[in-house]
Amino acid sequence: MEILYLLIPLSVALAFLIGAAFWWSVASGQFDDLEGPAHRILLDDDGWTDSGTAATTKKDD
Amino acid sequence: MLAEPRALNDQAIAGPSSSAPVAIDPVLRSRLETCFHCAEPVPSGSEWRLELDGEQRAFCCAGCLGVAQTIRAAGLGEFYAKRTAHAALPAREPDEWSRYDVVADDLALVVRHGDRREISLLLEGIRCGACIWLAETYVRRVPGVIDFAVNFATRRARLVWRAPDTALSSVLRAIASIGYRAYPYDPTRREALARREGRSLLTRTAVALLAMMQVMMFSIPVYVSRDGVDPGDQRLLDWASLMLCLPAVLYCAAPFFSGAATDLKLRRLGMDVPVALGIAAAFAASAWSTVAGSGPVYFDSVTMFIALLLVARYIEFRARERAGAAIESIARDRPQTAERLTRHPATRETECVPASRLAPGDLVQVSAGATVPADGEVIEGRSSVEEALLNGESWPRAKAPGSSVLAGSVNRESPLTVRVTAAGESTAAAALSRLVARAAEARPRVARLADRAAAGFVAALLAIAAGTALAWAWLDPSRVLAVTFAVLVVSCPCALSLATPAALAAAAGSLGRRGILAVRADALETLSRATHLVIDKTGTLTAGSVRLASIETTGRLDREQALAIAVALEQGSTHPIATAVRSAAAEAALASELIAVPGQGVEGVIRGRRYRLGRPAWVGGLGDSPPPSEPGNAGEIRIALGDSSGRLAWMSFGDSLREGALELVGAARALGLAVSLVSGDRRESVEHMARLAGITQHASDATPEAKRAFVAELQREGHVVAMIGDGINDAPSLAQADVSLALANASALTQWTADIVAATDDLRDVGVALSGARRVFRVIRQNLAWALAYNLIAIPLAATGHLHPLAAALGMSASSILVVANAWRLSRIAPFDARQTSNEPRGTATEALPEWKSSTS
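Each chain carries its own residue numbering, running from 1 in the written order of its sequence. To read the labels, note that chains go from A and ligands from 1, taken in the order they are written. It should be noted that, the model being predicted, local features are given only for residues of pLDDT at least 70 and side-chain atom pairs only at 80 or more, the latter also being counted only at that level, while totals for whole chains, interfaces and linings use all residues. Side-chain metrics rest on all non-hydrogen atoms present in the structure, leaving aside hydrogens and water.

### Remarks on the overall build of chain A
Filter applied, for reference: Numbering goes from the N terminus for both helices and strands, where a helix is a DSSP run of H or I of at least four residues and a strand is a run of E of at least two. Using a 1.4 Å probe on the protein chains alone, a residue whose accessible area is under 20% of its type maximum counts as buried, one over 50% counts as exposed, and one in between counts as partly exposed. Per-residue and other accessible areas follow the Shrake-Rupley method at a 1.4 Å probe size, with only the shown protein chains counted as cover for residues.
Summing up its helical and strand segments, chain A has two helices and zero strands in all. Here chain A, with 61 residues, has 23% of them falling under the buried criterion. About 4,300 Å² of surface is accessible on chain A, with carbon and sulfur atoms providing 70% of the total.

### Thoughts on the overall build of chain B
Inclusion rule: For this analysis, residues touch if any pair of their heavy atoms sits within 4.5 Å.
Secondary structure assignment for chain B yields 31 helices and 29 strands. Here the analysis covers contacts within chain B between residues at least 6 apart in sequence; of these, 68% occur between residues at least 24 apart. Summed over all atoms, the accessible surface of chain B reaches about 35,900 Å², with 57% contributed by carbon and sulfur.

### Side note on the sheet that holds strand 10 (residues 363-366) of chain B
Residue and element names in this part refer to chain B. So the rule is basically this: One requirement defines pairing of two strands: DSSP has to find at least two bridges between them.
Taking strand neighbours across the sheet as the criterion, the six strands line up as 9-8-10-16-11-14 in an open arrangement whose pairing is antiparallel. Single-partner strands in this sheet number two, and they are strand 9 (350-354) and strand 14 (404-405). Alignment of strand 11 (residues 375-380) against strand 14, held across two bridges, turns out to be antiparallel. By the bridge assignment for strand 14, E377 is matched with S404.

### What about the sheet that holds strand 15 (residues 410-411) of chain B?
Reading across from one edge, 13-12-15 (chain B) is the order of the three strands in this open sheet, with antiparallel pairing throughout. In this open sheet, the two strands that pair with only one neighbour each are strand 13 (397-399) and strand 15 of chain B.

### Brief notes about a nonpolar patch on the surface
All names here are of chain A. Rule in force here: Residues with no salt bridge and a relative accessible area higher than 30% make up the patches, which join like charges within 9 Å and nonpolar side chains (Val, Leu, Ile, Met, Phe, Trp, Tyr) within 5 Å. In the sections that follow, a salt bridge refers to a side-chain nitrogen of Lys or Arg positioned within 4 Å of a carboxyl oxygen of Asp or Glu.
A cluster of nonpolar side chains, I3, L6, L7 and L10, forms an exposed patch at the surface whose accessible area comes to about 380 Å². By the element assignment, L7 lies in helix 1 (residues 4-27). Judged by its relative accessible area of 42%, L7 falls in the partly exposed class.

### Points about the pattern of salt bridges
Residue and element names in this part refer to chain B. Applying the stated rule across the entire model yields twelve salt bridges over all chains. R140 serves as the salt-bridge partner of D147, at 3.8 Å between the closest nitrogen and oxygen. Here R610 makes a salt bridge to E603, at a shortest N to O gap of 2.7 Å. The exposure class of R610 is partly exposed, given its relative accessible area of 31%. The network of salt bridges with shared partners includes E118, E136, R140, D147 and R158.

### A closer look at the packing of helix 1 of chain A against helix 9 (residues 231-252) of chain B
Applied cut-off: All axes here are fitted lines through C-alpha atoms, helices being fitted over the stretch that makes contact, and every angle between N-to-C directions spans 0 to 180 degrees. Roughly parallel means an angle under 35 degrees; roughly antiparallel, over 145; roughly perpendicular, 65 to 115; everything else is oblique.
Here helix 1 of chain A crosses helix 9 of chain B at 10°, and the two axes come no closer than 10 Å. With respect to each other, helix 1 of chain A and helix 9 of chain B are oriented roughly parallel. Here A:L4, A:Y5, A:I8, A:V12, A:A15 and A:F16 of helix 1 of chain A come into contact with helix 9 of chain B, specifically with B:G232, B:D233, B:L236, B:L237, B:A240, B:M243, B:L244 and B:P247.

### What to know about the environment of B:A211
Residue and element names in this part refer to chain B. Structurally, A211 is set in helix 8 (residues 191-224). Linking A211 and C252, residues 41 residues apart in sequence, is a C-alpha distance of 9.9 Å. Not counting chain neighbours up to four residues away, the residues in contact with A211 comprise L244, A248 and T303.

### Things to note about the confidence of the model for chain B
Residue and element names in this part refer to chain B. Selection rule: The predictor rates its confidence in each residue with pLDDT, a number between 0 and 100.
Overall, the prediction assigns chain B a mean pLDDT of 74, with 75% of residues at 70 or greater. Considering each helix and strand of chain B separately, the mean pLDDT is smallest for helix 31 (residues 843-848), with a value of 33, and largest for helix 9, with 91. Low pLDDT, under 50, characterises residues 831-857; the stretch is placed with 50 contacts to residues that sit more than four places away or in other chains. Across the whole predicted complex the pTM is 0.56, and at the interface the ipTM reaches 0.75.

### Remarks on the packing of aromatic side chains
Given two aromatic rings, one states the distance between the centres and the angle between the planes to describe the pair. All names here are of chain B. The line we're drawing: Aromatic contacts are taken between Phe, Tyr and Trp rings whose centres are within 6.5 Å, Trp giving its six-membered ring; a plane angle under 30 degrees counts as stacked, one over 60 as edge-to-face, and the others as tilted. The rule for a charge over a ring is simple: NZ of Lys or CZ of Arg within 6 Å of the ring centre, and within 35 degrees of the ring normal.
For the structure on display, the rule yields six aromatic pairs over all chains. For the pair F36 and Y80, a centre-to-centre distance of 4.8 Å together with 35° between the ring planes defines the contact as tilted. Taken together, the positions of F36 in the loop between helix 2 (26-29) and strand 1 (49-52) and Y80 in helix 4 (residues 79-82) put the pair 44 residues apart, joining distant regions of the chain. Per residue, the accessibility class of F36 equals that of Y80, and both read buried. With 6.4 Å between their ring centres and 25° between their planes, W786 and Y790 make a pair best called stacked. Of the two residues, W786 and Y790 both sit in helix 29 (residues 764-799), four residues apart, roughly one turn of that helix. Over the face of the ring belonging to Y251 we find R204, whose NZ or CZ atom lies 4.8 Å from the ring centre.

### Digging into helix 26 (residues 704-716) of chain B
All names here are of chain B. Note the cut-off: Helix span is expected to be 1.5 Å times the residue number reduced by one.
The end-to-end C-alpha distance of helix 26 is 18 Å, a good match for the 18 Å that 13 residues give at a rise of 1.5 Å each. Taken as a whole, helix 26 has its buried residues at K707, F710, V711, A712 and L714. The inward-facing, buried residues of helix 26 contact strand 18 (532-536), strand 25 (674-678), strand 26 (697-699), strand 27 (721-725) and helix 27 (731-736). Where helix 26 terminates, the next one or two residues include G718, which has phi positive at roughly 100°.

This is the structure in structure tokens:
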């Protein structure tokens, strides 16, 4: 079972890596709004409008 | 208009009762359609319609129609297909956005980078994901806007714009035009702090969970192997666990160590002390065993312990944060501006200045509908002024040259010129708010008492651990460490320290979703023990606004015709009675030659006939008929409608019970609480409302001090008093009460004082809070009982050396999980239980005062 001497330190290193990645993602604000992105991804500027104009039409003023 | 409704009302009461009041025909109120925008009922005969997506849609009011038109014109009609919840009713507030431009220089909230300006906004009216889409898409198209991003979780937005191209007010107005409201706020105050705390807590929790999982992986082979692992592998696993446990203890558990250090510095024993001691001791012993190569290791228990505690803390933090954000959005302060007269006697030229820059002696113009910016003396004009903020009284008071006005009151009728006597921090309102803030600050100290009870348990625990160590040092020195750690780990007051916060966090979350925010954690606890509920009348038990209660006609007109004439006459008036009349009917006749006579009423010509609406004597004067006798009901205000041939109709106005008032009284009774009503109002009207709500005990003509004394008297009798109030005049009694609640419409100051804020207008939600609090404490008692029973069994076993540290760790974890799972049941608080109120009589109230669902509410 000598392989354990490689695998276990590797798993520890991996755990530290995950920890660091998580720390970075929190610090960069990815966890500040946990609800918005879920909605935003479904509501792209992709559609039709009832008035027949494209959603990207500029507002009059 | 009626500047002195009091006098009128007294007269009404004195008059003999001639006929029974006739309630409004229910058909008048029948509304089948609901508004396409906000789902409020559409008044019958409404012409607010718009073709959207090929279909005719009906709207409840011009506000909703306007918003829908704006959305359609911008090509964003898709919003209606995308949304998952109906939009909020757009507010009918006066356009006061431009005042933000005036005070923009004073606002430290605006961050400047050259031409670029950045500000944080608080958004109101966000209901679902489509709202974010609509707001972001629409606002980004406003010329000059560089970026606009909404945070859905916190209802905050960040706006970046180019200053020369656009004014802040035009962006705020654009947001208002699609049915939302945005207010600038200062994110540095509390938010930045909370965000940093939230991020660090989240990282700590995640790291602890990661360490826990990985250490468990390393421990399982040791647990499951029958004949022990190879000593070499064992050492490898131990060292790997140590490496993972190190960050968990040094980084993740740091808050517990610093908490314990603070506790010790203040010479008290909090829950953090044994937690820190347990973690430190177990980790030190395990590390020692690892380095020495022999002895027990408890890395798995240590990491699991830290992770579980942090998860509980994180949940609690999230719940608290949400409550805090909601309260901050209620208590936002609008910038106050004033119209200062620059060269008074010569011209009426005014300049707009921030209210804080006013000085005594300045002359200011207060237009109708505006808020008085400073304390002062009226020098020109006659009007009535509403001082609800200061005295909780919804009736306006007459003001004439010479009378004094207070900052924060609202001018109802016609413009006033005021000479400032005190401004800014020296106004009566500012002094009052400082007083209340000081009272509120003094309160959390009482809350610390709860912590002191825990200290007793901790002290006993430490004594037991020390005693065990001493006893085993004498019996068998080789087992001292193992047994003492077993005691500390098994009794680690995990379950105990989780019992309360986990239950409170779960309850805070579920109550928060209903809009009930416990500002102080122990508020729910006190609420669950409450034995007496004291309710303020005006604005709390009642809607606080005047509503049309009934119309009696003399027979020459029917009710609808009388109402149509009244609405026509009251067009354009801001008096509360005018608002009540207008909200009672959708249709109006066309009136001309409208004249408002302050203190008397309104006069106008409709289809060639001259009518008067107002004080009976004045109305009678139109046709030279003798003052008619008038029927009267306590707590109501009556005005007459007449023409030259005499009186046509009586209209009675009264404050009506707030939605859910009867249900709340019923729910409180069902939970065994006594209910009483206090008010600064006259006895007749208090008695009248008490009768309608089914409350027997009441106090009237109460000054703020008398209200406080009333609460104190109940407390002397041994009652635990919960109080619901709204105005600043309730603040002393709210502070006196054991636990206080404020509704959404309460003054900002009152909400800051209150222990629990219900962000709703429905009193039923207070009933939910009452029963919810009871449930929370049933669960906490169960949790504490379980933790105690577990400790009573496990500690003796561990102390006598019968419990292996691993079994102790497992037992500890199992009991913690049980406690958290039990608490989790609270995250589903049952909807309001109708059965609780089914035995309460409802009939009398609804018959006497039909509940007008006014479309302006």
